[in-house]
Structures are given as structure tokens and as C-alpha cells.
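This is what each chain is made of:
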Amino acid sequence: MELHEEIGAVRRETELDAPRDHVWSLVCNPEGLETWLADEVDLDAVEPGAAGTVTEDGERRHVTIEEVEEGRRVALSWCADGGEPTLVELTLDDVPGEERRTRMVVVEIPLVTLRVCAAPVFGGGAAARGPQMALAHA
Amino acid sequence: MPTASQHDDPGPVFAALADPTRREVVRMLAAQPGLTASALAGELPVSRQAIAKHLAQLRDAGLAEAEVSGRETRYRLTPEPLAGAMAWMVAAGGKWDTRLERLKRQL
């Protein structure tokens, strides 16, 4: 058995073939999110405190937007009925020297993991910053 | 002993493993089954009392069990609940792969 430091956290990092403002337009509003995040995104806006539902493959989750950093980051919490509430953080960054490319980092962490963390244990960068700030909401 | 339904809910396992000292205890028990709390405390920079507390939390999460032999209590790992936590990570990660593929097709 091998235990990783990141146990409990899912992290994905990918480079997208579009400038950051274009990717942001698909993250910063419900219509944009509906093109990729889930089949249905029922939210009034992507603003802190906005709450609604997302449905994906027939599974509905309750979602709350926790934090928005214009042009760069959205943190949300969501939970399926009877499921484990998790915090999701989507972060966009420019790719140095590549104006038309964007790096996107996704981190998903069960809230129960965050609550017992005295300090972030999930590596550096966005993965460490997000949970720290989200603790205030947890 | 934890029930099957506890195994299916990864929450307690994530909570138990969120602490770096408890992860260290898990690693040590994986390497040397049957360690006592005193032996663990001897290897880690925390008190025996703190180790006892961590062991209790690991037991509550179904990750460790105690075995009394003579005057000693020995601990060993019961890693079955980890499967639920790992299954959640694999499933959640797979969903993000699908979502990010959809996003790429939008660009």
C-alpha cells in the first residue's frame, strides 16, 4: 500500500488552446459552465454566495459559489444528495511565452478533509491557497 | 469493527488521513504491524498521549485495530476503508477528465 500526501484531493492540470479571457468566459457565467462542466447548470450567476444546482449524467448536485477572483479563479462547493460535500477550485493562469494558451488547474477536496487540516498539506500553488481561504466558509 | 456502510462513506477516512502525524502512523503500521503506542511515540516527534489520540481516531475510521497481548496493546492497520476513499478519488478524477475534454472541445 502506498499513501500519497495528496490523499483525499483530486487535482488536474491541463493546458488549453485559448487565451485566458476566452477560457474565463466559459467559467464566469452559468451559460459558459453549461457547455462543459455539467449538462445543466441552474445558477443565477457565478458570484460569491450564488446557490443552485448542477446536473451531470442524471446526478444532481447542490452548488454554492464560494469565491471569485475576476479573470482567474472560481471556488465552489457542491454536494450530491447523500454524498460527500466537496470544494472545487478552478484556477486559470497564463502560459509564459504563449499568449494564446491557458493553464487550468482543478482541485476537488472533500470538506471533511479541510476541516481537520491545521495547515494545508496539499503541495504548493493553487492547491494550497484555495483550501486555506475556503476554510473560512467550511 | 466498522460496518460495510462505514466503508462506503469515505468521509471519516479522509478526516483521519488529513493529519500528517496520522499519515506517518499509518505508514509505520504498514511497515511494522503490531507496534505499540510507546514504540510509535519513540519514532515520532510527539508524545505517547498524542499518539494514543491519533490511534483512537484511526480506529474510529476503521483504519487500525488494537490487540491486547499480555500487558501490551499492539496496533495493526486495517486498510479496507481506504478502498472507499480511493474509489472516490478515482471516480471524481475521471469526471474531471471528462469535463476538461468537453471544455477543450468548446475552444
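Predicted model, so just to flag it, every value in this text is computed and none were measured.

Across its full length, chain A holds four helices and seven strands. Mapped from its N terminus to its C terminus, chain A presents α and β elements in the order β-α-α-β-β-β-β-β-β-α-α. The burial tally for chain A puts 52% of its 138 residues in the buried class. Here the analysis covers contacts within chain A between residues at least 6 apart in sequence; of these, 37% occur between residues at least 24 apart. Summed over its atoms, the accessible surface of chain A is roughly 6500 Å², and 45% of this surface lies on carbon and sulfur atoms.

Residue and element names in this part refer to chain B. It is at 10 Å that the axes of helix 3 (residues 20-31) and helix 5 (residues 48-60) come closest, and there the two elements cross at 75°. Of the possible angle classes, the one that applies to helix 3 and helix 5 is roughly perpendicular. Mapping the contact onto sequence places Thr21, Arg22, Val25, Val26 and Leu29 in helix 3 and Ile51, His54, Leu55, Gln57 and Leu58 in helix 5. Of the residues that constitute the contact of helix 3 with helix 5, the class distribution is six nonpolar, three polar and one charged.

So, on to the nonpolar core. Within the largest apolar cluster, 55 residues are counted, with the highest numbers of intra-cluster contacts made by Trp36(A), Met104(A), Leu29(B) and Trp96(B). With eight residues, helix 6 (residues 80-106) of chain B is the largest single contributor of residues to this core. Those residues in contact with Trp36(A) that sit more than four places away from it in its chain are Leu26(A), Val27(A), Leu90(A), Met104(A), Trp96(B), Arg99(B), Leu100(B), Arg102(B) and Leu103(B).

At the interface, 30 residues of chain B touch 40 residues of chain A. Counting the surface lost from both chain B and chain A, the interface buries some 3100 Å², and carbon and sulfur atoms represent 70% of this. Where chain B touches chain A, the interface holds four salt bridges. As a salt-bridge pair, Glu56(A) and Arg99(B) come within 2.6 Å of each other at their nearest N and O atoms. In this assembly, chain B and chain A are joined by 11 residue pairs in polar contact (both at pLDDT 80 or more).

Rules used in this analysis
Throughout this document, residue positions are counted from 1 along each chain, in the order its sequence is written. Chain letters and ligand numbers both follow the written order, the letters beginning at A and the numbers at 1. Local features in this predicted model are restricted to residues of pLDDT 70 or higher, and side-chain atom pairs are both shown and tallied only at a pLDDT of 80 or more, whereas totals for entire chains, interfaces and linings draw on every residue. Just so you know, side-chain values use all the structure's heavy atoms and leave hydrogens and water out. We count a stretch as a helix when DSSP gives it H or I for four or more residues in a row; a strand needs E for two or more, and each element gets its number in order from the N terminus. Exposure is judged per residue with a 1.4 Å probe applied to protein chains only, and the accessible area is read against the type maximum: over 50% gives exposed, under 20% gives buried, and values in between give partly exposed. Here, residues are in contact when the closest pair of their heavy atoms is within 4.5 Å. Working definition of accessibility: Shrake-Rupley area with a 1.4 Å probe, residue cover restricted to the visible protein chains. Here an axis means a line fitted to C-alpha atoms, over the contact stretch when the element is a helix, while the angle between two N-to-C directions is reported on a 0 to 180 degree scale. Oblique is the label for any angle not under 35 degrees, not over 145, and not in the 65 to 115 range, which are roughly parallel, roughly antiparallel and roughly perpendicular in turn. Nonpolar residues are Ala, Val, Leu, Ile, Met, Phe, Trp, Tyr, Cys and Pro. Charged residues are Asp, Glu, Lys and Arg, and all others, Gly as well, are polar. In these notes, a set of buried Ala, Val, Leu, Ile, Met, Phe, Trp, Tyr and Cys residues joined through side-chain atoms within 4.5 Å is what counts as a nonpolar core. Two parts placed together each lose some accessible area under a 1.4 Å probe, and adding up what both lose gives the buried area. Salt bridges are defined as contacts in which a side-chain nitrogen from Lys or Arg sits within 4 Å of a carboxyl oxygen from Asp or Glu. Identification of polar contacts relies on pairs of N or O atoms within 3.5 Å, with a donor-acceptor requirement for protein atoms, meaning one able to donate a hydrogen and the other able to accept it, and with residues adjacent in sequence counted only if both atoms are side-chain atoms.

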